[in-house]
Amino acid sequence: RFGFKSRGLGDVYKRQMYNNIAETDRQIGAVLDQLEADGLLDQTIIFFYADHGGPLPRQKRLIYDSGLNSPMIIRFPNAQKAGSKDDQLLSFIDFAPTVLSLVGISLPDYLQGQAFLGKAKADQPRDYIHAAADRFDGFTDAIRAVRDSQFKYIRNYRPQQGYYLPVVYRERIPTMRELIRLRDKGTLNEYQAQWFRETKDEEELFDCLNDPHELHNLADDPDHQEKLAELQAEMDRWLAAIGDQPNLPEAELLNQLWQGDDKKPSTLPPKIDFEEGVLTISCDTEGASIGYKLIESGSDEPAAWSVYTGPVTITRAHQVLVQSHRIGFVPSEIISYDLN
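Quick caveat: nothing in here was measured; it's all calculated off a predicted structure. Counting of residues starts from 1 at the beginning of each chain's written sequence and follows it residue by residue. Only residues with pLDDT of at least 70 get local features here, since the model is predicted, and only at 80 or more are side-chain atom pairs given and counted; chain-wide, interface and lining totals rely on the full set of residues. Side-chain numbers here rest on the full set of heavy atoms in the structure, without hydrogens or water.

1. Some points on the pattern of salt bridges
We define a salt bridge as a contact between a side-chain nitrogen of Lys or Arg and a carboxyl oxygen of Asp or Glu at a distance within 4 Å. Overall, the coordinates contain 18 salt bridges when judged by the stated rule. Ionic pairing is found between Arg126 and Asp94, a salt bridge with its closest N-O pair at 2.7 Å. In this pair, Arg126 sits in the loop between α3 (95-102) and β3 (129-136) while Asp94 sits in the loop between β2 (72-75) and α3, placing the two residues 32 residues apart along the sequence. For the pair Arg126 and Asp94, a shared accessibility class is recorded, and that class is buried. Glu296 is paired through a salt bridge with Arg316; the nearest N and O atoms lie 3.4 Å apart. One end of the pair, Glu296, is in strand β9 (residues 289-296); the other, Arg316, is in the loop between β11 (312-313) and β12 (317-325), with 20 residues separating them in the sequence. Burial here depends on accessible area, computed with a 1.4 Å probe over protein chains only, as a share of the maximum for the residue type. Under 20% is buried, over 50% is exposed, and the range in between is partly exposed. Classification of Glu296 as partly exposed rests on a relative accessible area of 29%. Salt bridges linked by common partners bring Asp65, Arg147, Lys152 and Glu214 together as one network. Helix and strand assignments come from DSSP, with helices taken as H or I runs of at least 4 residues and strands as E runs of at least 2, each series counted from the N terminus.

Right under this line is the structure:
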């Protein structure tokens, strides 16, 4: 359904995948060997998992199962539970309470998750898991999802914005470049082209068992209105419980986090040193980034800032503008420094 052949890419990906599997096996083996050498292997519970589903387009950064489903293996000492499989719904927020439960520490009330192993294991497994997609490097969206054992409900807060976003990192992936080439050529089939739709449906409902690639939206299907209403209500409950405001502008979000501009900390001004043609800049605010603009005689100020990463050799510029900024803080004032 999704396959296409071009330039032998399939063989390249297979080789890369098998190489990655071999490297993963090597690294895990090194950890196991070290634990055994230290006499700790039979006293250690090992969690192995990924941080998201697949890395390819329509997987990472999105809330389809191909992006949410993460592999996870738990190794217990002395082959306990070896070969067993648990199909219950788990969320990343369940990891912290589960680890505390396994080591016998009481669960704090503020934890959102629930333990799925150990003495404090929840009496009932989850009925739902929740997901969100907001920030994609230089781009933003506002998508929320809730899934039960079979169905997933998606709410798009920016339906006027398509799913596909030109994320620079992703567009370096050969698969992504090939998809774009085929899109521009007009040769993608209806399923491959879905991701490139210019708009999204406000609501989506998928039967993840019978439609595992989530291609057929059932939100308007009369036979699924009861399930739609159930998952809508569960999403509303969850958003209210955690205080989520999905489409809140970034500036307002930061303002709320700091409880008003008057309480937001300020980034300290940058320190500038210029000696023997080398410009050195620093900032005493931990974690701050520094931007600078070099202005040559008779030239206009550049539109874009350069990110300072180390001493800069100056040959022609006569003036530099410098500003320091830690994300979430008030940026420093822009300092103009004469290099003559």
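Next comes the rest of the description.
2. Re helix α5 (residues 225-242)
The span you would expect from a helix comes to 1.5 Å times its residue count less one. Between its first and last C-alpha atoms α5 spans 26 Å; for 18 residues at 1.5 Å apiece the expected length is 26 Å, and the two agree. Buried within α5 we find Lys227, Leu228, Leu231, Glu234, Met235, Trp238 and Leu239. With its buried residues spanning 135 degrees around the axis, α5 presents them on a single face. Those residues of α5 that are exposed and angled more than 90 degrees off the buried face are Glu226, Ala240 and Ala241. Directly beyond the C-terminal end of α5, a positive phi value near 70 degrees is found at Gly243. To obtain the arc, one takes the directions from the helix axis to the C-beta atoms.

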